[in-house]
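Single-letter residue listing:
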Amino acid sequence: MPPTRLPRITLNTGATTPQLGFGVFAMDDEATARAVEAAIAAGYRSIDTAAVYLNERGVGIGIRRSCIPRGELFVTTKLWNTHHLTAGEEARNSLDRLGLDYVDLYLVHWPVSSAGTHLRAWDGLEDVNRSGAARSIGVSNFSREQVEEVIALGGTVPSVNQIELHPLHSQPELRAFHAERGIMTQAWSPLGRGLALGTSEIASIARAHGVTEAQAILRWHLQLGTVPLPKSASADRIRENIDILGFELDAEDMATIDSLCRPSRRRVVLRVGMTASAHPGELLSRGHRLRYVFILGALTALGPFTIDLYLPAFPAVAAALHTSESAVQITLAATTIGLAVGQLVVGPWSDVIGRRRPLTVATLVHVLASLACAFAPNVEALTVFRFLMGAAAAAGGVVSLALVRDLFSGIPMLRMLSRLGMVNGLAPIVAPILGSQLLQWIDWRGIFVVLAAYGAVIALASVIGIRETLPIENRIQSGIRALPGRMGRLLRDRRYLGLALVGGFVWGGEFAYLAGSPFLFQGVYAFSVAQYGLLFSVNALGFVLGTQLGARRAGRLAPQWLLALSTTVLVVSALVICTAAVWGWGLPLVVIPLWFSIMAVGVCIPCVQGLALAPHGAESGLAASLLGAMNFTVAGIVTPLVGVFITGDALGMGAVMLACAVFASAALWWLVRPRSVPALAR
């Protein structure tokens with residue numbers, strides 16, 4: 001089938017652009033290259049990217065693969081907020097990443113009027129325009145007042161204002177102002193992030209014309225005179241979205257869609273348009289966001305509760321099943337292995353079919369496996385069911401991370417991840433204590449009934465309280481068979497691999513503490529069970545404090561530099577512990593640096609997760625699962641090493657912690673390279 005030829009619109013510079021463009025927000029370079037190549041093959045000739053999308057290289061690769069003459073394409077990119085004062089340099093950087101000599105349109109991505117830099121950014125864009133690096137220049141997400149400020153400078157009138165525009169938020173006043181000033185209106189999120197697709201009015205119009213709801217909305221955009229920028233990673237939907245010239249909406253259809261822009265809906269979406277994150281999570285009210293924190297926190301806690309709640313029952317399990325305590329220990333190992341395997345299955349699966357279904361299925365499997373454990377006739381059956389519990393519990397952690405990445409970006413994402421990290425820090429404290437208390441009232445089998453009830457409650461809460469965050473058009477279309485290739489591409493990303501190693505070694509140091517501290521403090525320093533429990537709780541609270549401290553400081557100090565600082569703390573703390581052991585400096589110089597080390601782990605983890613997931617929004621399930629798998633892999637190697645190096649003092653534990661901290665720092669500086677990491681959006 002020949003590619004579709006789209007109508008064109010003339011800008012105020014005399015340049016022309018197709019009236020339908022292709023957006024690439026939230027795709028990594030490889031996904032972007034495939035999508036751009038498919039889009040050009042389908043007939044798209046306008047491609048829209050931005051420096052902050054971190055996929056300009058992918059756009060360039062897709063363009064070169066298409067073999068279409070450069071003059072037939074209209075390429076747009078954008079200047080990010082943190083570079084308003086260096087527009088010329090950033091334009092050259094974008095051209096280098098794109099592999100182009102010029103862009104057809106260069107936009108100021110956000111006004112950031114509170115800092116007043118948007119006007120100086122516009123001066124810089126005029127210089128870029130005069131140099132020939134950009135044929136036309138414009139703005140994005142500017143209000144009428146902000147556009148008027150630019151025009152009042154007396155120089156170039158913006159050719160374009162790219163704004164959020166869809167049936168639920170059609171901005172008629174701003175469009176009218178654009179028309180009056182000769183400014184073209186481009187529409188990002190032309191389908192309203194899928195929200196507009198659910199209306200009965202649009203569904204009825206689509207049925208009447210024999211088209212999809214997305215096609216009806218995109219046709220509405222064309223007849224309004226705007227230029228929509230739909231995005232999709234699916235070749236079929238890419239072709240479907242451009243196939244909108246074979247029908248026409250009548251006046252009644254247009255009026256019906258226009259009527260969907262109601263003040264209540266408009267205000268909800270306007271909050272997004274006035275922020276720099278422009279991510280779906282900003283649509284959530286404070287109450288809804290709090291609900292997500294509680295539900296995702298409960299899901300994240302499922303793994304720690306699955307592991308730790310039954311630990312106090314080990315002697316009772318061994319006695320009831322007439323087996324050894326070492327055999328019961330194997331059930332714990334099976335749970336841990338299940339957590340690792342489950343992540344590698346559920347994470348990629350959620351990229352293909354959406355988040356809710358794997359989450360619901362896995363949580364229900366956890367409920368059934370918990371009940372099976374409660375009725376296990378022997379330790380062999382218990383081991384199998386514990387493996388299933390672990391694999392199912394993995395969904396809570398990995399899908400929660402992917403959900404956060406779907407909903408948020410930049411610093412808001414980091415803050416949300418820190419709240420989940422807080423739960424991760426508190427759950428291991430609460431679980432053994434709760435398990436001990438429960439055993440005063442119920443036997444060990446009742447512990448698993450409690451876990452089943454907990455799983456059932458959060459499964460119900462997930463179904464009721466969490467909506468699907470991964471629209472169909474953003475899902476991976478290649479299926480599970482392409483999983484090895486997807487994993488390979490992700491692990492070939494130097495920065496992602498480096499962050500995964502940083503996270504793995506940081507967790508490795510934490511597991512060295514978890515494995516070595518009972519022997520050290522109860523065996524060497526003769527702590528009672530109560531004293532060790534108090535120490536463990538204080539250290540866990542240090543972890544929680546670290547997660548919150550990192551989130552608060554991330555707005556002032558970039559996450560990569562927080563990582564640099566916290567890994568340095570890990571190295572120094574471990575060195576002090578080792579030195580204290582060698583020179584016999586006493587207990588305080590073991591306990592105090594240990595607390596700072598664990599607090600530094602709390603700072604590290606959300607930063608690693610946020611930086612690793614940020615450029616991989618299209619595959620956040622897979623990206624989250626590989627992060628988790630790396631953590632468990634390193635922990636699995638480190639834990640037995642602590643036993644090998646037990647020395648009768650803190651040296652063995654400290655040496656393993658020091659090695660992990662050094663490896664984490666090496667991965668950070670050698671692979672991640674903090675100076676090269678782009679700033680996260682605020």
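Attention in this report is confined to the structure presented alongside it. Since the model is a prediction, treat every value here as computed from it, not as a measurement.

### Brief notes about the overall build of the protein
Then, in step 1: Secondary structure summary: the protein contains 25 helices and 10 strands in total.
Then, in step 2: Its C-alpha atoms give the protein a radius of gyration of 27 Å, near enough to 26 Å, the size a compact globule of 682 residues would have.
Then, in step 3: A principal-axis box enclosing the C-alpha atoms of the protein has dimensions of 80 × 55 × 45 Å.
Then, in step 4: A buried classification covers 57% of the 682 residues belonging to the protein.
Then, in step 5: Relative to all contacts within the protein whose residues are 6 or more apart in sequence, the contacts with residues 24 or more apart total 79%.

### Considering the packing of helix H8 (residues 213–224) against helix H10 (residues 251–258)
Then, in step 1: It is the contact of H8 with H10, at a shortest axis distance of 11 Å, that shows an interaxial angle of 100°. Classed by the angle they form, the pair H8 and H10 counts as roughly perpendicular. Across the interface between the two elements, Ala216, Trp220, Gln223 and Leu224 from H8 touch Met254, Ile257 and Asp258 from H10.
Then, in step 2: A breakdown of the residues in the contact of H8 with H10 according to their chemical character gives 5 nonpolar, 1 polar and 1 charged.

### Things to note about the packing of aromatic side chains
Then, in step 1: Here the structure, examined in full by the defined rule, presents 12 aromatic pairs.
Then, in step 2: Their ring planes at 70° and their centres at 6.3 Å tell us that Trp507 and Phe511 sit as a pair that is edge-to-face. Note that Trp507 and Phe511 are positioned in helix H20 (residues 494–524) at a spacing of 4 residues, about one turn of the helix.
Then, in step 3: We classify Trp507 as buried; its relative accessible area is 18%.
Then, in step 4: On the basis of relative accessibility, which here comes to 27%, the residue Phe511 falls in the partly exposed class.
Then, in step 5: Taken together, the aromatic side chains of Trp507, Phe511 and Phe543 make up a single cluster linked through ring pairs.
Then, in step 6: Positioned over the ring face of Tyr102 is Arg70, at 4.1 Å from the centre of the ring.
Then, in step 7: Directly above the aromatic system of Tyr102 lies the positively charged group of Arg135, at a separation of 3.7 Å from the ring centroid.

### Overview of the sheet that holds strand S10 (residues 227–228)
Then, in step 1: Taken in spatial order, the 8 strands line up as S3-S4-S5-S6-S7-S8-S9-S10 in an open sheet, and their pairing is parallel. Sheet topology places strand S3 (22–23) and S10 at the edges, where each strand pairs with a single neighbour.
Then, in step 2: Pairing geometry for S3 and strand S4 (residues 46–48), over 2 bridges, is parallel. Considered in S4, the bridge of Phe22 is made with Ile47.

### Describing the environment of Gly397
Then, in step 1: Relative to the elements of secondary structure, Gly397 occurs in helix H16 (residues 379–407).
Then, in step 2: As for Gly397 and Leu359, which are separated by 38 residues in sequence, their C-alpha atoms are 9.9 Å apart.

### A look at unusual backbone geometry
Then, in step 1: Although it is not a glycine, Ser189 sits at a positive phi angle of roughly 50°.
Then, in step 2: Structurally, Ser189 can be placed in the loop between strand S9 (184–188) and helix H7 (200–209).
Then, in step 3: On the accessibility criterion, Ser189 (15% relative accessible area) is buried.
Then, in step 4: Positioned with a positive phi, Ala526 is a non-glycine residue whose angle comes to about 60°.
Then, in step 5: Following the sequence through the fold, Ala526 ends up in the loop between H20 and helix H21 (529–553).
Then, in step 6: Ala526 gets classed as exposed once you look at its relative accessible area, which sits at 58%.

### Re helix H4 (residues 117–131)
Then, in step 1: Taking 1.5 Å as the rise per residue, H4 with 15 residues should run 21 Å; its terminal C-alpha atoms sit 21 Å apart, in good agreement.
Then, in step 2: All of the buried residues in H4 are Thr117, His118, Ala121, Trp122, Gly124, Leu125, Glu126 and Val128.
Then, in step 3: Where H4 is buried, its residues touch strand S5 (74–79), helix H3 (87–98), strand S6 (103–108), strand S7 (134–140) and helix H5 (144–152).
Then, in step 4: Positive phi shows up at Gly132, right after H4, with a value of about 90°.

### Observations concerning empty space enclosed by the protein
Then, in step 1: Applying the stated criterion across every chain, the model contains 2 cavities of 30 Å³ or more.
Then, in step 2: Taken as a whole, the largest cavity encloses approximately 70 Å³ of empty space.
Then, in step 3: Taken together, Phe505, Val506, Gly509, Glu510, Leu570, Ser597, Val601, Met657, Cys660 and Ala661 form the lining of the largest cavity.
Then, in step 4: The element best represented in the lining of the largest cavity is H20, accounting for 4 residues.
Then, in step 5: Broken down by class, the residue content of the lining of the largest cavity amounts to 7 nonpolar, 2 polar and 1 charged.

Rules behind the numbers
- Residues numbered from 1 in each chain as written.
- Predicted model: local features only at pLDDT ≥ 70, side-chain atom pairs only at ≥ 80, totals over all residues.
- Heavy atoms only, no water.
- Helix = DSSP H or I, 4+ residues; strand = E, 2+ residues; numbered from the N terminus.
- Rg over C-alpha atoms; globule rule 2.2 N^0.38 Å.
- Buried < 20%, exposed > 50% of the residue type's maximum accessible area, 1.4 Å probe, protein only.
- Contact = heavy atoms within 4.5 Å.
- Axes fitted to C-alpha atoms, helices over the stretch in contact; angles between N-to-C directions.
- Parallel < 35°, antiparallel > 145°, perpendicular 65-115°, else oblique.
- Nonpolar A, V, L, I, M, F, W, Y, C, P; charged D, E, K, R; others polar.
- Phe/Tyr/Trp six-rings, centres within 6.5 Å; stacked < 30°, edge-to-face > 60°.
- Lys NZ or Arg CZ within 6 Å of the ring centre and 35° of its normal.
- Pairing = 2+ DSSP bridges.
- Expected span 1.5 Å × (residues − 1).
- 1 Å grid on protein atoms, 1.4 Å probe; cavity = no way out; pocket = protein on both sides within 12 Å on 5 of 7 lines; lining within 4 Å.
- Points joined across faces, edges and corners; volume = space filled by probe spheres on them.

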